[in-house]
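# Overview (structure and organization)
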Amino acid sequence: MKKSLMPIFILGSLLINTIGLADETNLMKGKENMKDNKISLGAEVKPMAPAWVIGSYDKAGKANMMTAAWVGICCSKPPCVSIALRKATYTHTNIMERKAFTVNIPSKNYMKETDYFGLVSGRNVDKLSATGLTPIKGEKVDAPYLKEFPVAMECKVINIIEAGSHTMFIGEIMDVKADKSMVDENNSLLPCGLLFNPTTRDYYGVGEQLGKAFTTGKEILNKKK
Ligand SMILES: Cc1cc2nc3c(=O)[nH]c(=O)nc-3n(C[C@H](O)[C@H](O)[C@H](O)COP(=O)(O)O)c2cc1C
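Residues numbered from 1 in each chain as written. Predicted model: local features only at pLDDT ≥ 70, side-chain atom pairs only at ≥ 80, totals over all residues.

### Considerations on the overall build of the protein
In plain terms, the rule: Each helix is a run of H or I in the DSSP string that is no shorter than four residues. Each strand is a run of E no shorter than two, and both are numbered from the N terminus. With C-beta atoms placed from the backbone, a residue is buried if 20 or more other C-beta atoms are within 10 Å of its own, exposed if 12 or fewer are, and partly exposed between those counts. Contact between residues is assigned whenever the C-beta positions, reconstructed from backbone atoms, fall within 7 Å.
When helices and strands are tallied, the protein shows 6 helices and 14 strands. By the burial criterion, 25% of the 225 residues in the protein qualify as buried. Intrachain contacts of the protein at a sequence separation of at least 6 include 59% that bridge at least 24 residues.

Quick look at the structure:
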């Protein structure tokens, strides 16, 4: 280091230590943080995500299905879901063209098909003939849903956001279709679906009911101070 830069270096190090930036810098991948007993896993996608199957039609009207895990409910009014797709996927091309898609939620019986939909591209193969599953023309949108999967959402694209490696399509849910066996007497949807662990690349089922939402927290809310 040049002699003339030495004072600036010392001053910089002092400042970083004083305002605590050094701790942040030390919180590198694989390093333990003594403050909270956590280990940093780095800036990567790690948590569990749903494994959904996205239905679309291509230009010629061929139905296609692809698996997507970078997905989620993103608005209540209007009811919306977001799905994030790489530009290279055939589904991306199809949705750009038709501005519609379906979200098909698999039961655990269809784990193999769900995985297959994520292994090959509809650009090269007819995934529906290969699996023997049945595409049904959407009632509300220009996209097919799967007869055999217990739940399907018909979605109309209302927003497209470029996030980086993936394009996020926000779809307004125009209808939710569920097998009769998937709803209770109040037409509430019963739990179903597959979860995907991006780190280990394993599929999981939905776990047991643990408690009531907007209720269990009241124990803390109502705690006398
Ligand atoms: C469990 C799983 C999750 C996936 N999640 C996504 C995702 O969120 N976004 C994406 O672009 N590709 C995802 N993929 C990869 C696509 O499904 C894969 O590229 C597929 O071949 C695309 O099909 P298509 O070209 O027919 O659209 C996932 C694959 C698997 C197996």
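### A short note on helix α3 (residues 90-98)
Buried within α3 are the following residues: Y90, T91, H92, N94 and I95. Those residues of α3 that are buried lie in contact with β4 (52-57), β5 (63-68), β7 (80-86), β8 (100-105), β11 (151-162) and β12 (166-178).

### What to know about the site of the ligand
In plain terms, the rule: Think of it this way: take the backbone, place a C-beta atom on it, and check whether that atom is within 6 Å of the molecule or strand, in which case the residue is near it. Classification convention: Asp, Glu, Lys, Arg as charged; Ala, Val, Leu, Ile, Met, Phe, Trp, Tyr, Cys, Pro as nonpolar; all other residues, Gly among them, as polar.
In the vicinity of the ligand lie 21 residues, with Y90, T91, G118, S121 and G122 positioned nearest. Looking at the shell around the ligand, the elements with two or more residues in it are β5, β7 and α3. For the shell around the ligand, the element with the highest residue contribution is β5, accounting for 4 residues. Tallied by class, the residues present in the shell around the ligand amount to 10 nonpolar, 8 polar and 3 charged.

### Let's talk about the sheet that holds β4
Within a beta sheet, neighbouring strands are joined by backbone hydrogen bonds and run either parallel or antiparallel to one another. Rules: Two strands pair under a simple rule: DSSP has to find at least two bridges between them. Interaxial angle, 0 to 180 degrees, is taken between N-to-C directions of lines fitted to C-alpha atoms, where a helix line uses only the stretch in contact.
Overall, antiparallel pairing links the 7 strands, which are arranged β5-β4-β8-β11-β12-β7-β6 in an open sheet. Every other strand in the sheet has two partners, leaving β5 and β6 (71-75) as the edge strands with one partner each. Between one strand axis and the next, the sheet turns through 35° on average, direction left out of account. Two strands pair when backbone bridges link them, and β4 and β8 are joined in this way by 3 bridges, in the antiparallel orientation. Pairing of V53 across the sheet is with N104, part of β8. Across the sheet, α3 touches β4, β5, β7, β8, β11 and β12, and the angle it forms with β4 is around 55°.

### A look at unusual backbone geometry
Note the cis peptide between K77 and P78, where omega equals 0°. Along the chain, the position of P78 falls in the loop between β6 and β7. The backbone of N187 shows a phi angle near 65°, a positive value even though the residue is not glycine. Relative to the helices and strands, N187 resides in the loop between β12 and β13 (195-197). The class for N187 is exposed, based on 8 C-beta atoms found within 10 Å.

### Focus on the confidence of the model for the protein
Here is the rule we go by: pLDDT is a per-residue confidence score from the predictor, ranging from 0 to 100.
Model confidence for the protein is summarised by a mean pLDDT of 90, while 85% of its residues fall at 70 or above. Of the regions scoring below 50 in pLDDT, residues 13-27 engages in 6 contacts with residues more than four places distant in sequence or in other chains.

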